[in-house]
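Here's the letter readout for the chains.
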Amino acid sequence: MQATIERAALLKSVGHVQSVVERRNTIPILSNVLIEARDGGLRLMATDLDLQINETAAAEVATPGATTVPAHTLHDIVRKLPEGSQVEISASDGKMQVNAGRARFNLQTLPRDDFPQIAEGELPTRFALPGATLRQIIDKTRFAISTEETRYYLNGIFLHVADDGGPGSPSPVLKAAATDGHRLARVTVPRPEGAEGMPDVIVPRKCVAELRKLLDEADGDVEVSLSATKIRFDLGSAVLTSKLIDGTFPDYNRVIPTANDKLLRLDPKSFMQGVDRVATIASERTRAVKMALEHDKVTLSVTSPENGTAAEEVPGDYSAAGFEIGFNARYLLDILHQIEGDTVEVHLADPAAPTLLRESGKSAALYVLMPMRV
Amino acid sequence: MEQAVNDSVGGPPLRKIIHVDMDAFYASVEQRDRPELRGVPLAVGGGGPRGVVAAASYEARKFGVRSAMAGAAARRRCPELVFVSPRFEAYRAVSAQIRAIFESCTPHVEPLSLDEAYLDVTDAAPAHGGATAIAKAIRARIREDTGLTASAGVSYNKFLAKLASDHHKPDGLCVITPAKGPAFVASIPVSRFHGVGPVTAAKMKRLGIETGADLLARSLPWLECHFGSSAPYYFDLARAVCHRPVRAHRERKSLGAEDTFGEDYRTEADLLPQLHRIAGIVWERAAPRGVRGRTVTLKIKYADFTLNTRARTLPAPVRDQDELFAVGAALLRAELPPPRGIRLLGLTLSKLGDDAELAEPIAPELPLL
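Residues numbered from 1 in each chain as written. Chains lettered and ligands numbered in written order. Predicted model: local features only at pLDDT ≥ 70, side-chain atom pairs only at ≥ 80, totals over all residues. Heavy atoms only, no water.

Quick look at the overall build of chain B
And then number 1: Of regular secondary structure, chain B possesses 15 helices and 12 strands.
And then number 2: Here chain B, with 369 residues, has 43% of them falling under the buried criterion.
And then number 3: Within chain B, counting contacts between residues at least 6 apart in sequence, those at least 24 apart form 62% of the total.
And then number 4: For chain B, the computed accessible surface area is about 18,000 Å², with 54% contributed by carbon and sulfur atoms. (Helix = DSSP H or I, 4+ residues; strand = E, 2+ residues; numbered from the N terminus. Buried < 20%, exposed > 50% of the residue type's maximum accessible area, 1.4 Å probe, protein only. Contact = heavy atoms within 4.5 Å. Areas by Shrake-Rupley, 256 points an atom, 1.4 Å probe, with all protein chains shown as cover.)

Now the structure itself:
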């Protein structure tokens, strides 16, 4: 194998693939990236056996061939090579040489034939989503993904389609939902052509994180293909293939309140800043912030046995009966960070009932937050 | 006189604590019930290749056989050692008898195990002719009611009472008065102190501390430098000071089970079924008592007897046996492949409460399931 590639192009591709590679591996070859030189380009591939990334980068290929080298080491090397340099890569006798400028590296390799590959199988459902839509889906839901391994079926974003988006919204939709049992986030977008009849799937957290990084650099449409067990995101030069979480996502619609009769309207920015300020003294463990609702006014407060107290008044539109309710400040901030407009609606019932937050009745995203006892 | 000394320094009223400990308990029960075992070096516990000695008779102890020793090691020290299987129903019956004797003296009884308890007789002592008289009466009644011997220690705190009961074992009584406490502590090896295990004892030895007197000679800052947050505890022990109360209703802090396997295992395929079985045992013990816990601890003992523990605390109590197993399995998988074969696995549930206490967590969940 022998090829020459621009350092910047190589850095971008190696940067993408190395982030899939786990830092600690019991199977040595999973620490490696597969590099294949063929028809005018380099193909790079890495996997953790659940998630696989394929990258292609333009290169001058003198002799086609393939080998595998440690991904994190290669990434560190390429990062430190002189900017603008041409990188020569060649492999022979169980070693891979990387030469750029006056620097010479000779890396240990493992045989390419030992490199595992996820068998995609048939991916019968295919549709295209604009990169911006996919970014929105991920940003507005991923913070609610559970990290509790025992509830593995909550460790991802749930994607499913429906023929309508509920009362008053007759056209077909694609919905994305995530929850950790304390909060729930859901985004609804028009169902893309080709997604009809697709199976319900749960996309794992790591795949979501890698996809989101790739979306920073991709503007066009993303081709999504999936079966009940695998999903593939084709972004052009990068293709991400992941196993899906084998589990049943709970019927989350049951926890979305429909009859919360107390409506509070606030400026999301001053609300967020107020919560952030009073939460400064909240105890690390509970992070509870209390909201006392009165006519057109909310008083945020935190009482910490160790630290003291904090309070801040936030103006708002509120005309229902006054009461007090508590929330985890971090959960509240996570949601408020995703509110883009100049109003946030908080639909409340009582201090123990799930509370609904959204920009308006027309917004794509809605959030449900379980109160805390304060 | 003791009272006067104490009052003069303005401390809390002097306590009277008794520690009672049955002599070679399991082994003695076996020798009582089976005359042919009397006078014979006896070990209660598994005599198989992987068994562990649960208790050794005094005849066996002469050969250096100790409880918690591997059966094979015990046999090496004493080739004629006789092994019998434990009969826990018999031990529990005796335990109930001695508990009744303790409770006839004072309600302040803190059982440590089936055969060992602390009694706080500060209130009861004046009416019974003093703490020493109570200890004598308890030993006599234990012999009368059970046909077994117990050793007792009498002193003014738990630390000294326990050291005292051990001092004239077996069938002994030892009283340590406040005047004698510090000198007694100075004379004994630190390895016998409550809270100084083999690892700490070895570390102290490296630092030149072998007896209570050696420990007394060290300053608190010096101890803090070497023992961190445990330093004040050791500092107090060296001065025969111990404020731990006798707690009549000790709350259970954890509940668990463990098992030593017939052979060493290395693979998930071999280990997970074992873990599943152990999770079942733990849950069977926890469920009927309404005990629920948030922390799951996995214990791994390797072929070379090194120990590894891994724990995870959940946001809410473990719901069922499947979740207990799932958490245990996740902890175990992170340790695979193991550096050596695994001979023992254990699972423990802690951060306990009962259903009522944990029913309403501070952070309630969405009614998803």
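Let's talk about the packing of helix α11 (residues 220-227) of chain B against helix α12 (residues 231-238) of chain B
All names here are of chain B.
And then number 1: Direction vectors running N to C along α11 and α12 enclose 135°, while the axes themselves pass 8 Å from each other. By the angle class used here, α11 and α12 are oblique. In terms of crossing hand, the pair formed by α11 and α12 is right-handed. Here Leu 220, Leu 223, Glu 224 and Phe 227 of α11 lie close against α12, whose contacting residues are Ala 231, Pro 232, Tyr 234 and Phe 235.
And then number 2: Across the contact of α11 with α12, the residue classes tally to seven nonpolar, no polar and one charged. (Axes fitted to C-alpha atoms, helices over the stretch in contact; angles between N-to-C directions. Parallel < 35°, antiparallel > 145°, perpendicular 65-115°, else oblique. Left-handed = near helix turned anticlockwise from the far one by under 90°. Nonpolar A, V, L, I, M, F, W, Y, C, P; charged D, E, K, R; others polar.)

Details of the side chain of Lys262(A)
Residue and element names in this part refer to chain A.
And then number 1: Considering the arrangement of structural elements, one finds Lys 262 in strand β18 (residues 262-266).
And then number 2: A polar atom in the side chain of Lys 262 sits 2.9 Å from the backbone oxygen of Ala 349.
And then number 3: Those residues within four positions of Lys 262 in sequence are excluded, and the remaining contacts are Tyr 318, Ala 320, Ala 321, Phe 323, Val 346, His 347, Leu 348 and Ala 349. (Polar contact = N/O pair within 3.5 Å; in protein donor to acceptor, adjacent residues only side chain to side chain.)

Topic: the interface of chain B and chain A
And then number 1: In this complex, chain B contributes 21 residues to the contact, which on the side of chain A involves 24 residues.
And then number 2: The junction of chain B with chain A conceals about 2,000 Å² of combined surface from both sides, 58% of it contributed by carbon and sulfur atoms.
And then number 3: For the pair chain B and chain A, the number of links is two salt bridges.
And then number 4: Glu149(A) is the salt-bridge partner of Arg312(B), the closest N and O atoms lying 3.4 Å from each other.
And then number 5: Remark: the boundary between chain B and chain A carries three residue pairs in polar contact (both at pLDDT 80 or more).
And then number 6: If one sorts the elements of the side of chain B that touches chain A by residue count, helix α14 (residues 321-333) of chain B sits on top with four residues. (Buried area = accessible area lost by both parts, 1.4 Å probe. Salt bridge = Lys/Arg side-chain N within 4 Å of Asp/Glu carboxyl O.)

Some details on unusual backbone geometry
Residue and element names in this part refer to chain B.
And then number 1: A cis amide bond links Lys 169 to the next residue, Pro 170, at an omega of -5°.
And then number 2: Relative to the helices and strands, Pro 170 is located in the loop between α7 (158-167) and β8 (173-175).
And then number 3: The residue after Leu 336, namely Pro 337, is reached through a cis peptide bond having omega -5°.
And then number 4: Here Pro 337 is to be found in the loop between α14 and β12 (342-354).

Describing empty space enclosed by the protein
All names here are of chain A.
And then number 1: Scanning the model with the defined rule gives two cavities of 30 Å³ or more in all.
And then number 2: Roughly 120 Å³ of internal volume is contained in the largest cavity.
And then number 3: What lines the largest cavity is a set of 13 residues, among which Leu 134, Ile 137, Leu 159, Val 203 and Phe 233 lie closest to the centre.
And then number 4: The set of elements that each furnish at least two residues to the lining of the largest cavity consists of β10 (125-130), α3 (131-139), β11 (156-162) and α4 (205-215).
And then number 5: Tallying contributions element by element places α3 first for the lining of the largest cavity, with three residues.
And then number 6: Taken together, the residues of the lining of the largest cavity break down into 13 nonpolar, no polar and no charged. (1 Å grid on protein atoms, 1.4 Å probe; cavity = no way out; pocket = protein on both sides within 12 Å on 5 of 7 lines; lining within 4 Å. Points joined across faces, edges and corners; volume = space filled by probe spheres on them.)

A few points about the UniProt feature "site: Substrate discrimination" (unreviewed entry) in chain B
Residues and elements named next belong to chain B.
And then number 1: The UniProt record annotates "site: Substrate discrimination" (unreviewed entry) at Tyr 26.
And then number 2: With respect to the element layout, Tyr 26 can be found in helix α2 (residues 25-33).
And then number 3: Setting aside residues up to four positions removed in sequence, Tyr 26 forms contacts with Val 44, Ala 54, Ala 55, Phe 88, Tyr 91 and Leu 114. (UniProt positions renumbered as here; feature names shortened; annotations may be inferred.)

Some words on the confidence of the model for chain B
Residue and element names in this part refer to chain B.
And then number 1: Averaged over all residues, the pLDDT of chain B equals 87, while 91% of them reach at least 70.
And then number 2: Contacts of residues 1-10 to residues separated by more than four positions or lying in other chains number 10 contacts, the stretch itself having pLDDT below 50.
And then number 3: Contacts for the low-pLDDT stretch residues 356-361, under 50 throughout, to residues beyond four places or in other chains number five contacts. (pLDDT = per-residue confidence, 0-100.)

Observations regarding the sheet that holds strand β1 (residues 2-6) of chain A
Within a sheet, each strand pairs with its neighbour through backbone hydrogen bonds, oriented either parallel or antiparallel.
Residues and elements named next belong to chain A.
And then number 1: With antiparallel pairing, five strands are arranged side by side in an open sheet as β5-β1-β7-β8-β9. Two strands bound the open sheet, and with one partner strand each, they are β5 (60-63) and β9 (103-108). Across the sheet, the mean angle separating the axes of adjacent strands is 20° when strand polarity is ignored.
And then number 2: Contacts from helix α1 (residues 7-18) reach β1 and β7 (86-92), with the element oriented near 95° to β1.
And then number 3: Sitting on the sheet, helix α2 (residues 71-80) is in contact with β8 (95-100) and β9, with an inclination near 175° to β9. (Pairing = 2+ DSSP bridges.)

What about the sheet that holds strand β3 (residues 41-47) of chain A?
All names here are of chain A.
And then number 1: Strand order in the open sheet made by the eight strands is β6-β2-β3-β4-β17-β16-β15-β10, with antiparallel pairing throughout. On the outer flanks of this sheet lie β6 (65-70) and β10, each paired with one strand and no other. Strand-to-strand twist of the sheet, defined as the mean angle between neighbouring strand axes without regard to direction, takes the value 15°.
And then number 2: Sheet analysis places strand β16 (residues 230-234) next to strand β17 (residues 238-243), joined by five bridges and oriented antiparallel. The partner of Asp 234 across the bridge, within β17, is Val 239.
And then number 3: The sheet strands contacting α4 are β4 (51-58), β15 (221-226), β16 and β17, and the helix crosses β17 at an angle near 170°.

Focus: α11(B)
And then number 1: The backbone nitrogen of Trp222(B) has a side-chain oxygen 3.1 Å away, supplied by the residue at the start of α11(B), namely Ser219(B).
And then number 2: Gly228(B) sits one or two residues past α11(B) and shows a positive phi near 60°.

Quick look at the pairing of strand β20 (residues 297-304) of chain A
Side-chain direction in a regular strand flips from residue to residue, so the side chains alternate between the two faces of the sheet.
Residues and elements named next belong to chain A.
And then number 1: With respect to burial, β20 is a largely interior element, six of its eight residues being buried.
And then number 2: Pairing of strand β19 (residues 288-294) with β20, which is carried by five bridges, proceeds in the antiparallel orientation. Among the inter-strand pairings, Lys 290 is bridged to a residue of β20, identified as Ser 301.
And then number 3: The loop that links β19 with its antiparallel partner β20 comprises two residues; one of these, Asp 296, has a positive phi angle of about 55°.
And then number 4: Note that β20 and strand β21 (residues 308-318) share eight bridges and pair antiparallel. What sits directly across from Val 298, in β21, is Val 314.
And then number 5: Hairpin connection, β20 to β21: the antiparallel pair is bridged by three residues.

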